[in-house]
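# Chains, contacts and geometry: an overview
These are the residues of each chain, in order.
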Amino acid sequence: MKRSFMFSAAMFLAVAGPLAAAPTASQAETSAKFVMHAPLRVLDPILTSAYVTRNHGYLVYDTLFSMDAAGRPQPQMVESWKVSEDGMAYTFKLRPGLVFHDGAPVTADDVVASLQRWEAGDATIGNRLKNATAELAASGADTFTLKLKTPYGLVLESLAKESSPVPFIMPKRIASAPASQAITETVGSGPYRFVQADFQAGVKATYVKFAGYVPRKEPASAFAGGKVAKVDRLELVNIPDSQTAVNALRNGEIDFLEDVPPDLMPQLKDAKGIALKSYGKNSNMFTLRMNWLQAPFNNVKVRRAALAALYQQDYLDAQIGDPEVYQVCGAVLTCVSPYASEEGATQIKAPDLAHARKLLKESGYAGEKVVVLHPTDLPIFANIAPVTAQALRSIGMNVEIQSMDWATLLSRRSKKEGVDEGGWSIFQSNMSSLDLISAVGNPNLDGRAGTTYPGWTHDEVMDSLRNRFAAARSEDERRELALAIQRRNYEQVMYVPLGGYSKFKGYNAKFADLVDAPIPLFWTSPK
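Heads up: these notes are all about the structure in this document. (Residues numbered from 1 in each chain as written. Predicted model: local features only at pLDDT ≥ 70, side-chain atom pairs only at ≥ 80, totals over all residues. Heavy atoms only, no water.)

## Considerations on the state of the cysteines
Inspection of every chain in the model, using the stated rule, returns 1 disulfide. A disulfide bridge connects cysteine 329 with cysteine 335, and the sulfur atoms are separated by 2.2 Å. Residues cysteine 329 and cysteine 335 are joined through a disulfide that is right-handed, its torsion about the S-S bond being 105°. Owing to a relative accessible area of 34%, cysteine 335 belongs among the partly exposed residues under this scheme. (Disulfide = S-S within 2.5 Å. Buried < 20%, exposed > 50% of the residue type's maximum accessible area, 1.4 Å probe, protein only.)

Right under this line is the structure:
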């Protein structure tokens with residue numbers, strides 16, 4: 001079924017350590033090979049926001065709280081907690097028996113160091129929690145306190161953040177490294193232990209079941225609940241070509257494929273012993289960002305004219321093609337958000353190009369070059385940039401597509417210079433809904449002065465709305481503020497949602513009991 005190789009018990013203990021679960025003579029080791037959407041090169045889940053590193057992190061590390069399938073924060077490493085009547089002080093107690101992969105117990109000091117490193121490395125939610133905090137300190141071996149200096153109603157939600165960077169807990173000796181400096185050890189307390197000796201950057205990574213992990217008793221629910229490792233040994237291998245990966249799954253050479261492109265899904269639908277399943281509706285969204293620092297998009301009237309020319313259906317038909325897979329959606333917090341609204345989202349309807357041309361003329365646009373960055377090595381959104389270029393040309397804009405690989409685009413989009421000096425005007429991305437669903441965590445909505453997310457969308461009104469959302473303690477107030485954020489986004493054109501779609505995973509049917517979540521998680525519920 002697969003090309004896995006088996007360890008002898010002695011060899012397994014040598015590489016996996018004294019707390020790894022070695023199978024008995026009568027119990028054969030179970031193993032699986034899986035392929036992610038990108039090669040794993042960086043192991044530090046705080047240093048990078050790469051989704052593949054986040055996925056690696058969920059195997060190795062654990063979190064204090066986790067979001068369940070209903071989007072509610074649930075305790076994970078925490079046993080109990082208390083909140084002061086005024087909501088300004090929190091006391092947390094860790095559940096007993098937590099142990100790191102090196103055998104050391106998890107302590108409150110480890111938690112504090114890990115959270116401080118995460119806050120320094122997370123420019124969105126972690127930074128907001130840090131700015132609201134007066135003191136974060138251990139008050140005992142298994143107890144820590146968080147005291148606020150300003151109201152912040154999202155403490156538990158912040159500690160349960162699902163996407164990059166995730167507030168994973170690691171030993172203090174490792175977490176004491178600056179957030180900008182890569183950690184040199186991968187030691188967590190999660191359900192799988194990382195085998196450092198096997199790691200080949202971009203090629204292979206190995207994880208073994210951690211016998212010292214004690215799952216919670218609650219049923220697994222998305223990121224929350226009990227985490228029972230599915231197999232004794234997981235091996236991540238890199239297969240860059242999607243067709244080759246699909247063939248490998250069909251032939252039993254791998255067991256799990258994270259991302260099956262829409263055009264290849266028919267090859268797996270009727271394959272014997274293979275299951276094809278969605279991560280959920282609107283699990284990902286295409287997005288568009290304009291550069292507010294440089295002409296022509298430093299002019300809000302030009303941004304509004306460009307928005308008026310865009311049409312989601314064109315993007316979704318060009319990139320996905322299958323209406324069963326994609327979803328038209330103009331909600332800036334995604335259409336899976338409890339605060340979803342499509343107010344102001346003109347791009348979900350066929351554009352009035354005459355009106356868009358009128359807006360462009362009234363804006364004072366003087367024919368400045370618009371450089372659209374186009375990544376050519378990621379098939380999942382390789383067709384997006386040409387649609388943008390055609391739409392803007394149709395209203396009279398001077399557009400140039402510049403093609404490059406994704407790594408080059410990530411570097412290029414950080415440049416603040418004009419287009420004649422290596423800068424840019426527009427880039428598109430493909431983002432997980434987990435990164436967009438939070439009103440304070442969505443980087444596209446960051447209006448703070450000095451925001452570091454490319455596009456540099458400084459807007460004091462948006463910043464105030466997000467601060468008020470973070471401080472709100474009632475759902476009614478949050479709902480009202482979320483609608484105001486939706487409206488302000490489209491008034492200023494901070495970013496443009498280009499439509500959602502459902503990612504699909506393909507896997508050996510014996511893995512059907514893996515927990516359902518918006519990303520690949522390799523555990524099941526407690527029996």
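So, next bit.
## Some details on the sheet that holds strand E9 (residues 204-209)
Taken together, 7 strands build an open sheet; the order of strands is E8-E9-E11-E1-E12-E20-E13 and the sheet is mixed. Across the chains shown, the open sheet's two edge strands, defined by having one partner strand only, are strand E8 (192-194) and strand E13 (274-278). In the sheet, strand E1 (residues 31-35) pairs with strand E12 (residues 256-257) via 2 bridges, with the strands oriented parallel. Within the sheet, the bridge partner assigned to valine 35 lies in E12 and is leucine 257. Strands in contact with helix H2 (residues 51-60) are E1, E8, E9 and strand E11 (233-237); relative to E8, the strand with the most contacts, it is inclined by about 120°. (Pairing = 2+ DSSP bridges. Helix = DSSP H or I, 4+ residues; strand = E, 2+ residues; numbered from the N terminus. Contact = heavy atoms within 4.5 Å. Axes fitted to C-alpha atoms, helices over the stretch in contact; angles between N-to-C directions.)

## Some remarks on the packing of helix H9 (residues 300-309) against helix H11 (residues 353-363)
Closest axis-to-axis distance for the H9/H11 pair is 8 Å, and the angle between their directions is 165°. By the angle class used here, H9 and H11 are roughly antiparallel. In this structure, the crossing between H9 and H11 has a hand that is left-handed. Contacts between H9 and H11 involve Lys301, Val302, Arg304, Ala305, Ala308 and Ala309 from the former and Leu353, Ala356, Leu359, Leu360, Glu362 and Ser363 from the latter. Class assignment of the residues belonging to the contact of H9 with H11 gives a composition of 8 nonpolar, 1 polar and 3 charged. (Parallel < 35°, antiparallel > 145°, perpendicular 65-115°, else oblique. Left-handed = near helix turned anticlockwise from the far one by under 90°. Nonpolar A, V, L, I, M, F, W, Y, C, P; charged D, E, K, R; others polar.)

## Description of the environment of alanine 89
Within the fold, alanine 89 resides in strand E5 (residues 89-94). Exposure remark for alanine 89: the relative accessible area of 27% places this residue in the partly exposed category. Sequence separation of alanine 89 and valine 419 is 330 residues, and the distance between their C-alpha atoms is 49 Å. Ignoring any residue separated from it by four or fewer positions in sequence, one finds alanine 89 in contact with Lys82, Val83, Ser84, Leu146 and Lys147.

## Looking at helix H7 (residues 242-250)
Since one α-helical turn is 3.6 residues long, residues separated by three or four positions face the same way. All buried positions along H7 are accounted for by Ala245, Val246, Ala248 and Leu249. For H7, the arc enclosing every buried residue in end-on projection is 160°, short of the 170-degree limit, so these residues lie on one face. Buried residues in H7 make contact with E12, helix H8 (266-269), E13 and strand E20 (504-508). One side-chain oxygen of the residue at the start of H7 lies 3.3 Å from the amide nitrogen of glutamine 243, identifying that residue as aspartate 241. Note on H7: the residue one or two positions beyond its end, glycine 252, has a positive phi of about 80°. (Arc of directions from axis to C-beta. Polar contact = N/O pair within 3.5 Å; in protein donor to acceptor, adjacent residues only side chain to side chain.)

## Points about the sheet that holds strand E4 (residues 78-83)
Sheet strands line up and pair through hydrogen bonds in the backbone, either parallel or antiparallel. As summarised here, the arrangement of the 4 strands in space is E4-E5-E7-E6, forming an open sheet in which the pairing is antiparallel. Across the chains shown, the open sheet's two edge strands, defined by having one partner strand only, are E4 and strand E6 (133-140). Direction aside, the axes of adjacent strands within the sheet are offset by 15° on average. Judged from the 5 bridges that link them, E4 and E5 form a sheet pairing that is antiparallel. Its bridge partner being in E5, valine 83 is matched across the sheet by tyrosine 90. On the sheet, helix H3 (residues 108-121) packs against E5, E6 and strand E7 (143-148) and is oriented at approximately 155° with respect to E6. Sheet strands in contact with helix H4 (residues 125-132) are E6 and E7, and its direction is about 85° off that of E6.

## Regarding the nonpolar core
Core analysis: the biggest nonpolar cluster contains 162 residues, and Leu64, Phe92, Phe144, Val155, Tyr207 and Met397 have the highest contact counts within it. When near neighbours in sequence (up to four residues on either side) are disregarded, tyrosine 207 contacts Phe34, Leu40, His56, Leu59, Val60, Tyr192, Arg193, Phe194, Asp232, Arg233, Leu234 and Leu236. (Core = buried A, V, L, I, M, F, W, Y, C linked by side-chain atoms within 4.5 Å.)

## Digging into H3
Taking 1.5 Å per residue as the helical rise, H3 with its 14 residues ought to reach 20 Å, and the 20 Å between its terminal C-alpha atoms agrees with that figure. Buried residues dominate H3, accounting for 10 of its 14 residues. Where H3 is concerned, the buried positions are Ala108, Asp110, Val111, Val112, Ala113, Ser114, Leu115, Arg117, Trp118 and Glu119. Where the residues of H3 are buried, they touch E5, H4, E6, E7, helix H5 (155-159) and helix H6 (172-175). (Expected span 1.5 Å × (residues − 1).)

## Some remarks on the side chain of serine 438
Position of serine 438 among the secondary structure elements: in the loop between helix H14 (433-436) and helix H15 (460-471). Looking at serine 438, its side chain comes within polar contact range of the main-chain nitrogen of glycine 441, at 2.9 Å. Apart from residues no more than four positions distant in its own chain, serine 438 is found in contact with Ile125 and Leu333.

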